[in-house]
Every structure is written in C-alpha cells, then in structure tokens.
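Each chain is listed here by its residues.
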Amino acid sequence: MKFLKWLVIVVVVLVLAFFLFGKSYLREQTKKNSPEKTATYTENGLDLAVKYSSPFKKDRVIFGELVPYDVVWRTGANEPTTFTTATNISVGGKSLPSGSYSLWTIPGKETWKFIFNSEIPEWGVTILSGGKETTRNPETDVVEISVPVQELSQTIESLSIDFDEAQQLYLSLAWDKTKVSVPIKK
C-alpha cells in the first residue's frame, strides 16, 4: 500500500514537471525543425498579418500522405496559424470582421477549404492523437471558403504563407508542388 502511494506521488510530480518545464522545452525543440514566420501586408488601408510555423518537406510526400486529404489541418506546425486583420475585410467574397483568428485548412486534391475560427487554441492538436486530431471548435468558425489548387512546376521545400498582389490581393499558401490562394478585398 505504501509503495502504491509513493508511486502515485512520483507520477503526479513527473506530470507536473512536464507541464511546468517540459512543455516549453518541447516547444523550443519543435521551433528548430519548423521555424516561426510572420508575413505582413500594410498597404491600401489594410493591416494584415499571418503568423505560422514552417515545416520542411524533407523528401516526404506532403499532401495526401503527411497531410491527409479531406481532413482538418492546423495549417503548419506547432501552434495553430493565426491571421490578424485590423479592419473588416472580405475573404473569398465573405465578410471577416477585424480581429485575430486561427486559420485551419482542409486540403483536397482539387480544392481546399480555408476556415477562419474565432478561437486560437494553445497547440492546435491533441497530444494523445500524435498530432492527428485538431482541437478546432467548428462552432466558432467565422468564415469558410473553398479555393482551387494550383500545381507548381518547382518544389517548395518549406511551407510558405504570404500575401501576393497582382490584379488583386491574395493570401497564398505554397508547399511541395501545391499552391492555394484566398482572394482578399477591403
């Protein structure tokens, strides 16, 4: 009985130590493999930012294998990708109020869904699922749009999320040989 009591105490201390010290150490280590990046756009009365962690391809098949098709993805590594707008905007023809959002995607072979969610969870996936299950709450989705996939001729080694401006402004995501772009208007 005494042994069981000590065993429980040791387990509790180890769990507390992990949450107090181990979690920050693990985050620091994962940032080495998937560095944090920020893209901004501050023109034409817009003030936009996207913050994400950028994993590398490393000779892997990305979409359809590492990142499965038709399953919600936290869009990057580590914490969920965040999108911030200082003004009300239109994304894909739908209104998005000013604020900060977690950005989720559902990759598909021909189209992707982009989801702007009002909650920004701490990590974005459950630890027990090995990162396969997200912590996104669909009830707090603000905007969901679908965009077509563009196949690239050159391989993009590191996940890239940026703002592209041609005839119109786009939030673009490119990785491996895939690119998807969300139109943005003021």
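Higher on the page you've got the structure.
Below: a short report on this structure. (Residues numbered from 1 in each chain as written. Predicted model: local features only at pLDDT ≥ 70, side-chain atom pairs only at ≥ 80, totals over all residues. Heavy atoms only, no water.)

Considerations on the packing of aromatic side chains
Logical step 1: Inspection of the entire model under this criterion finds nine aromatic pairs.
Logical step 2: Ring geometry for Phe-63 against Trp-112: centres 5.0 Å apart, planes inclined by 70°, an arrangement best described as edge-to-face. Placement of Phe-63 in the loop between strand E2 (48-53) and strand E3 (81-85) and of Trp-112 in strand E7 (residues 111-117) is noted, with a sequence separation of 49 residues between them. (Phe/Tyr/Trp six-rings, centres within 6.5 Å; stacked < 30°, edge-to-face > 60°. Helix = DSSP H or I, 4+ residues; strand = E, 2+ residues; numbered from the N terminus.)

As for the sheet that holds strand E6 (residues 99-106)
Logical step 1: An order of E1-E2-E3-E6-E7-E8-E9-E4-E5 is seen for the nine strands of this open sheet, with the pairing classed as antiparallel. At either end of the open sheet lies a strand with only one pairing partner, and these are strand E1 (36-41) and strand E5 (94-96). In this sheet, adjacent strand axes meet at a mean angle of 35° when their direction is disregarded. (Pairing = 2+ DSSP bridges. Axes fitted to C-alpha atoms, helices over the stretch in contact; angles between N-to-C directions.)

Focus: unusual backbone geometry
Logical step 1: In this model, Asp-59 sits at a positive phi of 60°, which is unusual for a non-glycine residue.
Logical step 2: Topologically, Asp-59 is positioned in the loop between E2 and E3.
Logical step 3: For Asp-176, which is not glycine, the phi dihedral falls at a positive 60°.
Logical step 4: Considering the arrangement of structural elements, one finds Asp-176 in strand E9 (residues 169-185).

Note that all results are geometric; they support no functional claim without further evidence.
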